[in-house]
Amino acid sequence: MMVAEALALSAVLFCIGVVGVLTRRNAIIIFMCVELMLNAVNLSFVAFSRMYGATGQVFVVFVMTVAAAEAAVGLAIIISIFRHRQTVDLSNINLLKG
Amino acid sequence: MPNFFYQVNFYLFGLIAIASALTFVTRKSPVAAALWLVSTMFSLAAIYIMMDAHFVGAIQVLVYAGAIMVVFLFVVMLLNLGHPDERSDVRGKWGRIAAGLLGLALLAQIMTMARSQFPPSLLQSETAAVDNLRDLNAIGSVAKPLFTEHILAFELTSILLLVAIVGAVVLGKRRAHA
C-alpha cells in the first residue's frame with residue numbers, strides 16, 4: 001500500500017532536514033531540523049509496519065518520547081547558553097574551536 | 001492496489017509535506033519556520049492515518065504538533081528571537097552549495113538503498129495487517145507489542161523522561177549565587 005512512495009517521501013524529508021542543519025546557524029532552527037529528521041524516520045517506521053507488523057509503530061512511540069526528552073533538554077541548554085552569550089547564533093559559540 | 005482517490009490524497013499530502021519542509025528550512029524568522037514545520041507534521045499525520053497507523057497519527061498531532069512545537073515557540077518567545085536581525089543566519093553561498101550537494105548525494109544514496117529487496121521471510125501478508133487491526137483495534141494493535149515484547153524498553157523510557165525533566169529544570173534554573 002504505497003510503501004515505496006512513503007519511503008521516498010521519508011528520504012526526501014530527511015535530506016531536507018540534513019540540508020537545514022548544514023545551512024542554518026540559528027540553534028533553535030537547527031533543533032527543529034533535527035525534529036524533521038526524526039519525523040522522516042518515523043514515516044519509514046510506519047511504512048515498514050505495513051509490511052512487517054505493528055512493531056514499527058511501537059518504535060515510533062519510543063522515537064517520539066526520545067524526541068520530546070531531547071527537545072526539553074536541548075532547549076534548556078539553549079536557554080542556558082543564551083544567558084551567557086546573549087545569542088543563539090552558533091557561529092558566535094566557538095569556545096571549543098581551536 | 002489502492003484506489004485512485006487514495007493515491008491522489010497520498011501524493012497531495014506528500015507534496016504539502018515536502019513544500020512545507022522546504023519553506024521551513026528557508027524561512028528567516030524562527031516563528032515562521034516553526035509554523036511551517038507544524039504544517040509538515042500535520043500532513044505527515046494524515047499520511048500515517050492513510051497507512052492505517054491511526055494511533056500514531058493522533059499522537060503525531062498531539063505530541064509533535066501540539067506539545068513539542070509549543071515548547072519551541074515558548075523558547076523563541078522567552079528569548080525574544082521572534083524578530084530576526086538584518087544579518088541572515090543562513091550560511092554563505094559556498095556553504096549553501098556544499099550543503100545542497102551533500103543533501104542530494106545523501107538522497108541518491110538512500111534512494112539506491114531503497115531499491116534493494118526487503119527480506120521476504122519477515123514479510124506479513126496484506127490481510128494479516130488488516131486482521132490485526134480489526135481484532136485489536138487501532139490502539140490495541142500498538143499497545144499489545146508495547147506492553148508484552150517491549151515492556152523493558154517502555155519502563156526504561158520512563159526513566160529517560162524523568163532524567164530529561166530533572167536535567168531540563170537543572171539547566172534552566174538560574175544560579176542562586178550568580
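So, how was this worked out
Residues numbered from 1 in each chain as written. Chains lettered and ligands numbered in written order. Predicted model: local features only at pLDDT ≥ 70, side-chain atom pairs only at ≥ 80, totals over all residues. Helix = DSSP H or I, 4+ residues; strand = E, 2+ residues; numbered from the N terminus. Rg over C-alpha atoms; globule rule 2.2 N^0.38 Å. Expected span 1.5 Å × (residues − 1). Buried ≥ 20, exposed ≤ 12 C-beta atoms within 10 Å, placed from the backbone. Domains from an automatic or database assignment. Axes fitted to C-alpha atoms, helices over the stretch in contact; angles between N-to-C directions. Parallel < 35°, antiparallel > 145°, perpendicular 65-115°, else oblique. Contact = placed C-beta atoms within 7 Å. Nonpolar A, V, L, I, M, F, W, Y, C, P; charged D, E, K, R; others polar. Core = buried A, V, L, I, M, F, W, Y, C linked by C-beta atoms within 7 Å.

Enquirer: I'd like a description of the overall build of chain A, backed by residues and values.
Expert: In terms of regular secondary structure, chain A is built from three helices and zero strands. Helices (α) and strands (β) of chain A occur, in sequence order from the N terminus, as α-α-α. Taken over C-alpha atoms, the radius of gyration comes to 17 Å for chain A, far larger than the 13 Å a tight globule of 98 residues would show. Seen along its three principal axes, the alpha-carbon backbone of chain A occupies a region of about 50 × 25 × 20 Å.

Enquirer: Account for helix H6 (residues 151–172) of chain B, naming residues and giving values.
Expert: Under the 1.5 Å per step criterion, the end-to-end length of H6 of chain B is 32 Å for 22 residues, consistent within 8% with the ideal 32 Å. A small share of H6 of chain B lies buried, amounting to two of its 22 residues.

Enquirer: An account of helix H3 (residues 55–85) of chain A is needed here, citing residue identities and associated values.
Expert: A rise of 1.5 Å per residue sets the reference length of H3 of chain A, with its 31 residues, at 45 Å; its end C-alpha atoms lie 44 Å apart and thus fit the reference within 8%. Looking one or two residues past H3 of chain A, Gln86 of chain A carries a phi angle of roughly 60°, positive in sign.

Enquirer: So what about the domain arrangement of chain B? Which residues, and what values?
Expert: The domain architecture assigned to chain B consists of domain 1 (1–84) and domain 2 (125–178). Computed from C-alpha coordinates alone, the two centres of domain 1 of chain B and domain 2 of chain B are separated by 21 Å.

Enquirer: For the packing of helix H2 (residues 30–50) of chain B against helix H3 (residues 54–78) of chain B, give the residues involved together with the corresponding values.
Expert: Residue and element names in this part refer to chain B. Running from N to C, H2 and H3 point in directions that differ by 175°, and their axes come no closer than 8 Å. If you check the angle between H2 and H3, you find them roughly antiparallel. The residues of H3 that touch H2, namely those facing Pro30, Val31, Ala34, Leu37, Val38, Met41, Phe42, Leu44, Ala45, Tyr48 and Ile49, are His54, Val56, Gly57, Gln60, Val61, Tyr64, Ala65, Met69, Phe72, Leu73 and Val76. The residue makeup of the contact of H2 with H3, split by class, is 19 nonpolar, three polar and no charged.

Enquirer: Give a detailed account of the interface of chain B and chain A, specifying residues and quantitative values.
Expert: Interfaces are often sized by the accessible area lost when the parts come together. If you look at the interface, chain B gives 68 residues, while chain A gives 60 residues. Considering each element in turn, the side of chain B that touches chain A owes the most residues, twelve residues, to H3 of chain B. Of the residues in the side of chain B that touches chain A, the class split is 52 nonpolar, twelve polar and four charged.

Enquirer: Give me the lowdown on the nonpolar core, citing residues and values where you can.
Expert: Leu13, Ile28, Met32, Leu43 and Val46 of chain A together with Leu37 and Ile47 of chain B are the most contacted members of the largest nonpolar core, which totals 70 residues. Breaking this core down by element, the ones donating at least two residues are helix H1 (3–23), helix H2 (27–52) and H3 of chain A together with helix H1 (4–26), H2, H3, helix H5 (126–148) and H6 of chain B. Among the domains, domain 1 (1–84) and domain 2 (125–178) of chain B are the pair contributing at least three residues each to this core. Those residues within four positions of Met32 of chain A in sequence are excluded, and the remaining contacts are Ala33, Ala34, Leu37 and Phe72 of chain B.

Enquirer: So what's going on with the environment of Ala8 of chain A? Residues and values would help.
Expert: When you line up the elements, Ala8 of chain A lands in helix H1. When the 18 C-beta atoms within 10 Å are taken as the criterion, Ala8 of chain A is described as partly exposed. It is 9.9 Å that separates the C-alpha atoms of Ala8 of chain A and Ala40 of chain A, two residues lying 32 residues apart in sequence. In this structure Ala8 of chain A touches Met111 and Ala114 of chain B, once residues within four positions along its chain are discounted.

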